[in-house]
Amino acid sequence: MLLFFIEQVSRRRSKNQRQPGLGRYRRLNPYVLKWWQKLIALIICLIPIGLGFIIPAINLLRMALRHLDRLNLQLLLYVRNSFSLALASALLAVFIALILAYGLRLRPTPLNKILSRIAAIGYAVPGAVIAVGVLFFIGSLNQQLPKALMISGIASLIFAYLVRFLAVAYGTVESSLLKITPNLDDAARNLGRRTWQILYQIHIPLLRGSLFSAILLVFVDVIKELPASLIVRPFNFDTLAIRVYRLASDERLAEASVLALIIVLVGLIPVIVLSLAIARSRDN
């Protein structure tokens, strides 16, 4: 929690606003290396990538190819469960983050600042702790509600994901919203636009890339989340992360390799997309 607040303070000091249409990144001045310097730089960069990703991924792929006959339609069920939960959680997290960040932009009172920080503090709490808290809260709430209005296990799991990963979406949306000059809001109000019209017609188009990035980041985090999924999930409802954990616990590494590769591939998507977006913005 302390590190989270330090990050917020440092961001506040370094915030800058930009006019729409201006480049987000400055063109970098290349530093030309000699041939032996290029070789050393390549080796140094390949060491963490090779040990942390390439070699394990090749090993997983080798095991997966040798045991393709063990795959069944149950795999599609795990993929569907994980992707549906991740997509729903990511969309809800980004929507809530946008409302919080825009509300703070409209009324930056001390109370609103404190509430927005509290809402995003879940990222500093371990998933297992959040899961126990969610179970206690939802269980107590369901005891007071009629059966027709009781909160289901899937809704509880999505709620746990929101508590856990709202900070990811909020940090991305807030930092991008701070870069939009308030002059645009003033100009829109002078032209007769209401608050929700300014958000829908001006801010959301300018934040389109940041919103998409936030959705990707939350999506990947939910796919990988294990403790909260394992504790809060309904009975007979497994995700990719839970299934990999169970298979690995039973020493069935060959069967777990396929599911683990799917999680790895999903994790690569935002890295590739964001890298392409940054490169494209630099070119412009």
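The structure displayed is predicted, hence computed values, not measured ones.

A few words now on the overall build of the chain. Broken down by element type, the chain carries twelve helices and zero strands. Shown N-terminal to C-terminal, the secondary structure of the chain runs as helices and strands in the order α-α-α-α-α-α-α-α-α-α-α-α. Expressed as lengths along the three principal axes of its C-alpha atoms, the size of the chain is roughly 70 × 65 × 35 Å. Looking at the 284 residues of the chain, the share that counts as buried comes to 34%. Contacts in the chain between residues at least 24 apart in sequence constitute 79% of all its contacts with a sequence separation of at least 6. As presented, the chain carries roughly 17800 Å² of accessible surface, and 67% of it is formed by carbon and sulfur atoms. One way to put it: in the chain the 32 positive side-chain charges average out to a point 9 Å from where the 12 negative ones average out.

Moving on: the side chain of D221. By the element assignment, D221 lies in helix 9 (residues 208–224). Given a relative accessible area of 16%, D221 falls into the buried group. Not counting residues within four places of it along the chain, the set of residues in contact with D221 comprises Y123, F165 and V168.

With that settled, the discussion passes to the packing of helix 6 (residues 153–178) against helix 9. Following both chains from N to C, one finds helix 6 and helix 9 inclined at 155 degrees, their axes separated by 9 Å at the closest point. By the angle class used here, helix 6 and helix 9 are roughly antiparallel. Where helix 6 crosses over helix 9, the handedness of that crossing is right-handed. Packed against helix 6, whose contacting residues are Y161, F165, V168, A169, T172, V173 and S176, the element helix 9 presents S210, L211, A214, L217, V218, D221 and V222 at the interface.

Of note, M63 is situated in helix 2 (residues 35–66). Sequence-wise, M63 and A254 are 191 residues apart; in three dimensions their C-alpha atoms are separated by 5.3 Å. When near neighbours in sequence (up to four residues on either side) are disregarded, M63 contacts L253, A254 and S257.

Attention now goes to the packing of aromatic side chains. Describing an aromatic ring pair means giving the distance of the ring centres and the angle of the ring planes. Overall, the coordinates contain three aromatic pairs when judged by the stated rule. Judged by centre distance (5.4 Å) and plane angle (85 degrees), the rings of F83 and F219 are edge-to-face. With F83 in helix 3 (residues 74–106) and F219 in helix 9, this pair connects stretches of sequence that are 136 residues apart.

Turning to helix 9, a few remarks are in order. For helix 9, spanning 17 residues, the distance from its first C-alpha to its last is 25 Å, which sits close to the expected 24 Å at 1.5 Å a residue. Among the residues of helix 9, those classed as buried are S210, L211, S213, A214, L216, V218, F219, V220, D221, V222 and I223.

Take the packing of helix 7 (residues 182–190) against helix 8 (residues 195–206) next. Where helix 7 meets helix 8, the axes come as close as 11 Å, and the angle between the chain directions of the two elements is 150 degrees. With respect to each other, helix 7 and helix 8 are oriented roughly antiparallel. Of the two possible hands of crossing, helix 7 and helix 8 adopt the one that is right-handed. From helix 7, L184, D185, A188 and R189 reach across to helix 8, where they touch I198, I202, H203 and L206. Counted by class, the contact of helix 7 with helix 8 contains five nonpolar, one polar and two charged residues.

Reading the values: the criteria
Residues numbered from 1 in each chain as written. Predicted model: local features only at pLDDT ≥ 70, side-chain atom pairs only at ≥ 80, totals over all residues. Heavy atoms only, no water. Helix = DSSP H or I, 4+ residues; strand = E, 2+ residues; numbered from the N terminus. Buried < 20%, exposed > 50% of the residue type's maximum accessible area, 1.4 Å probe, protein only. Contact = heavy atoms within 4.5 Å. Areas by Shrake-Rupley, 256 points an atom, 1.4 Å probe, with all protein chains shown as cover. Lys, Arg positive; Asp, Glu negative; His and termini not counted. Charge placed at Lys NZ, Arg CZ, Asp CG, Glu CD. Axes fitted to C-alpha atoms, helices over the stretch in contact; angles between N-to-C directions. Parallel < 35°, antiparallel > 145°, perpendicular 65-115°, else oblique. Left-handed = near helix turned anticlockwise from the far one by under 90°. Phe/Tyr/Trp six-rings, centres within 6.5 Å; stacked < 30°, edge-to-face > 60°. Expected span 1.5 Å × (residues − 1). Nonpolar A, V, L, I, M, F, W, Y, C, P; charged D, E, K, R; others polar.

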